[in-house]
Amino acid sequence: MHFFGYIFPKVKIAVIIPALFSMTVSGQPLYMPYNVQEAYNNAFRSYDGKPGEKYFQNKSSYRIKAGFNPETRVLKGRARIVYQNNSQEILTRIVMRLYPDYFKKGNPRDKAVHPADVHEGVLIKHLSVNDSLFNVNDPAKIIRSGTLMIINLEEDLLMPGKSLEISIGWEFMFPGKTTERFGTYHNTSFFVAYWYPQIAVFDDIDGWDYTDYNGTQEFYNDFSDFNCEITVPSDYLTWATGEWLNADDILSPQYLQRYNEAKTAGTTVQVISPDEIGKISKNRKSNTFKYTASNVTDFAFAVSKNYTWDMKSIQCSETDEPVIVHALYPSKSGKYNKVTDITSDAVCHFAQTIVGVPFPFNNLISFNGSGGMEFPMMMNTGYETDYYRLVTVTTHEACHMYFPFLVGTNEKKYAWMDEGFVTFLAKEADQIIMPEINPYTDILSIFRSFSGDEQDVALMVPSNQLRGRTYQVHAYYRSSAAIYFLKLYLGDEKFQLALKDFILHWKGRHPTPYDLFFTFNRVAGENLNWFWDAWFFKTGWVDLGVSDVEQIDKGYKIYIENKGMLPVPYNIGIVYTDGSGDTLDISANTWKKNYSHDLHTLKTEKTIKQVYIPDKQLPDKNPVNNYYHVKN
């Protein structure tokens, strides 16, 4: 591969790559914690990167009826949840997440919230398990801590292969000033997420997930089924995860016609224009919107009475199912009316080229809120006046539909497994949509800036132990830089084969990083542990330098030092005294036996004047040592 694109002709250096590898990771084993080893030893997972013969996942089925009052911002709900225990364990408790307790007075948070949004927490109005009523104020049966509620099952223990039913009623005050991944916009528009009591994950690695939500880490959810009814005043519309079941019962005829036409139109249809806002529903006091979604990890919805609504139907290939993309935005929204086209381009590029797996959902809704946040089939995005940032946030959030919503990565523990891949893969979509840009500049420049400092930690450090800048660099930039260099080493075809294999084996499941590593080793046909070890288990940075040039019989020995200890590909530029030059292309696997030093022999009759390492597209921390003047 011609990586850096320098002007001198290339001299090819042969690199011998082992044809075979062992899943017992011979030569350079990867550190594996005891609890993770146990999952593999007990056949829950396999050393070839596939789910083991005893792999399991528990599952919930939610039937939710909720009412949201936009004026008071009070959300009330009732849910019946059937929870299936597919594990081999007897469950003596159920762990539930009450995400709105993030705003509860006195609870720990990584980020500040507006004082007006602090409240007394989620009010549990009733709770029963298998029709047995629980006293929510009894600390022997109910434990509330942070954003968790633990239900101790003293009598009706949940046996392997059995299920139980939880009935719960709750209410809370939705935030009016804080827009942290969700919130209130323009006073009358709301992106509603983290809103219902959710059963936590019980898995083969840790058992129950007791990770508290503190505002930094995002998702680790089971794949569940939802049937939701959301009631709002009649001048408001809702949009949500899943399939909308009763559009014909709510939309007045002319808007229902537009909506149905848009579901098959190949161009953007404005279902609601700015001058029609608030007039689209049939006359009644309130409307109940009904949705269903199967095998999804979460459910979010949006509510508004003053947003324009665009729709567009796309079919990326003859074999792919159509995807309907939506854009919801206020009348003064800058370039947000381009979101349906941006989303369409991104979805098809992911499906056809970059990821190579059909898009996971048949709906994708963009809500013009703030920042960028993803939920199954829903995106909350800002940057409406900056086209570059609008594109990049849209492609990024759309790519999240693969990670973690198709492949259920544990973002609470290993945020890089979805944020790193999504950051990198979305950049490839950015380049297709905006061919004038270099999509990797941001990744590499930010990585260069922060790599190697005291707050830069190894990727295998659990994300739930990180916060602030450390978390951001860890989840997004060190990880995406690692994936960037992995793809350069493997090449486009082999990288995509491995990624596709990983997705197809782990869609609808919960992989660990080791499942990813073992999959890539198997598909690549070689032991890549030298790469995983340096980039994921160790810390380091990129700092290459020419340490010495030694003249030998009919040539030179060129000594390269890697002070940062990360394996990266690089070029060696040669300038001869006669003014000519050569370029040596060096693969990243040159470091597989020794991260710190490299030696190359160049056969030539010419006299070398200078040897250098070009730093273009290489996030080198110290380019000063990249040049060596030969004394002849």
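## Here we look at the overall build of the protein chain
What the protein chain contains, in helices and strands, is 11 helices and 32 strands. Expected size for 632 residues packed as a compact globule is a radius of gyration near 26 Å; at 27 Å, the protein chain falls within 12% of this value. When its C-alpha atoms are laid out on the principal axes, the protein chain stretches across 90 × 60 × 50 Å. By the burial criterion, 59% of the 632 residues in the protein chain qualify as buried. Across the protein chain, the fraction of contacts at a sequence separation of at least 24, relative to all contacts at a separation of at least 6, is 73%. When the accessible surface of the protein chain is split by element, carbon and sulfur atoms take 49% of a total near 25300 Å².

## Here we look at the nonpolar core
Counting 191 residues, the largest nonpolar core has I94, I151, W170, W195 and F536 as its most contacted members. With 8 residues, the top contributor of residues to this core is helix α8 (residues 468–490). Apart from residues no more than four positions distant in its own chain, W195 is found in contact with I64, A66, L75, P100, W170, F172, F299, A300 and F301.

## Considerations on the sheet that holds strand β24 (residues 372–375)
Within the open sheet, the 6 strands sit side by side as β18-β21-β22-β23-β25-β24. Their pairing is mixed. Edge positions in the sheet fall to β18 (269–272) and β24, since each of these pairs with one other strand and no more. Within this sheet the neighbouring strands show an average axis-to-axis angle of 20 degrees, counted without direction. For β24 and strand β25 (residues 378–381), the ladder comprises 4 bridges, and the chain directions are antiparallel. Counterpart to G372 in the pairing with β25 is T381. Along the sheet face, helix α3 (residues 253–262) touches β18 and β21 (308–314) and points at about 150 degrees away from the line of β18.

## Notes on the packing of helix α10 (residues 513–524) against helix α11 (residues 529–537)
At a closest axis distance of 11 Å, the pairing of α10 and α11 adopts a crossing angle of 150 degrees. Relative to α11, α10 is oriented roughly antiparallel. Considering only the axes of α10 and α11, their crossing is right-handed. Contacts between α10 and α11 involve Y514, F517, F520 and N521 on the former and, on the latter, N529, W532, F536 and F537. Split into classes, the residues belonging to the contact of α10 with α11 amount to 6 nonpolar, 2 polar and no charged.

## Structural notes on the confidence of the model for the protein chain
The share of residues in the protein chain with pLDDT of 70 or more is 95%, and the mean pLDDT across the chain is 92. Low confidence marks residues 1–27, where pLDDT is under 50. Its contacts with residues over four positions away, or in another chain, come to 62 contacts.

## Comments concerning the state of the cysteines
On inspection of all chains with the given rule, the structure shows 1 disulfide. One disulfide bridge connects C316 with C348, the sulfur atoms lying 2.2 Å from each other. The disulfide joining C316 to C348 has a torsion of about -85 degrees about its S-S bond and is therefore left-handed. Note that C316 is positioned in the loop between β21 and β22 (323–329) and C348 in helix α4 (residues 339–354), a separation of 32 residues in sequence. For the pair formed by C316 and C348, the shared burial category is buried. The cysteine C399 is free of any disulfide, with C316 supplying the nearest cysteine sulfur at 13 Å.

## Digging into the environment of H597
Within the secondary structure, H597 is located in strand β30 (residues 597–603). Sequence separation between H597 and K59 is 538 residues, and the spatial gap between their C-alpha atoms is 51 Å. Contact partners of H597, with chain neighbours within four places excluded, come to I560, E561 and W591. Among the polar contacts listed, one links the side chain of H597 to the side chain of S596, at a separation of 2.8 Å.

## Concerning the side chain of S60
Positionally, S60 belongs in strand β2 (residues 59–69). Ignoring anything within four residues of it in the chain, the contact list for S60 reads I81, V82, Y83, I199, F223, S224 and D225.

## Overview of the pattern of salt bridges
Counted according to the given criterion, the structure contains 25 salt bridges. Of the charged contacts in the structure, one is a salt bridge between K59 and D225, with a shortest N-O distance of 3.4 Å. You can see K59 sitting in strand β2 and its partner D225 sitting in strand β15 (residues 224–233), a full 166 residues away along the chain. D225 gets classed as partly exposed once you look at its relative accessible area, which sits at 22%. A salt bridge links D501 to R522; the shortest N-O distance between them is 2.7 Å.

## Overview of α3
Every buried residue belonging to α3 is among Y255, L256, Y259 and A262, and all of these are buried. In a view along the axis of α3, the buried residues occupy a sector of 125 degrees, so they form one face of it. For α3, the secondary structure elements touched by its buried residues are β17 (243–244), α2 (247–250), β18 and β21.

Thresholds, definitions, all that
Residues numbered from 1 in each chain as written. Predicted model: local features only at pLDDT ≥ 70, side-chain atom pairs only at ≥ 80, totals over all residues. Heavy atoms only, no water. Helix = DSSP H or I, 4+ residues; strand = E, 2+ residues; numbered from the N terminus. Rg over C-alpha atoms; globule rule 2.2 N^0.38 Å. Buried < 20%, exposed > 50% of the residue type's maximum accessible area, 1.4 Å probe, protein only. Contact = heavy atoms within 4.5 Å. Areas by Shrake-Rupley, 256 points an atom, 1.4 Å probe, with all protein chains shown as cover. Core = buried A, V, L, I, M, F, W, Y, C linked by side-chain atoms within 4.5 Å. Pairing = 2+ DSSP bridges. Axes fitted to C-alpha atoms, helices over the stretch in contact; angles between N-to-C directions. Parallel < 35°, antiparallel > 145°, perpendicular 65-115°, else oblique. Left-handed = near helix turned anticlockwise from the far one by under 90°. Nonpolar A, V, L, I, M, F, W, Y, C, P; charged D, E, K, R; others polar. pLDDT = per-residue confidence, 0-100. Disulfide = S-S within 2.5 Å. Polar contact = N/O pair within 3.5 Å; in protein donor to acceptor, adjacent residues only side chain to side chain. Salt bridge = Lys/Arg side-chain N within 4 Å of Asp/Glu carboxyl O. Arc of directions from axis to C-beta.

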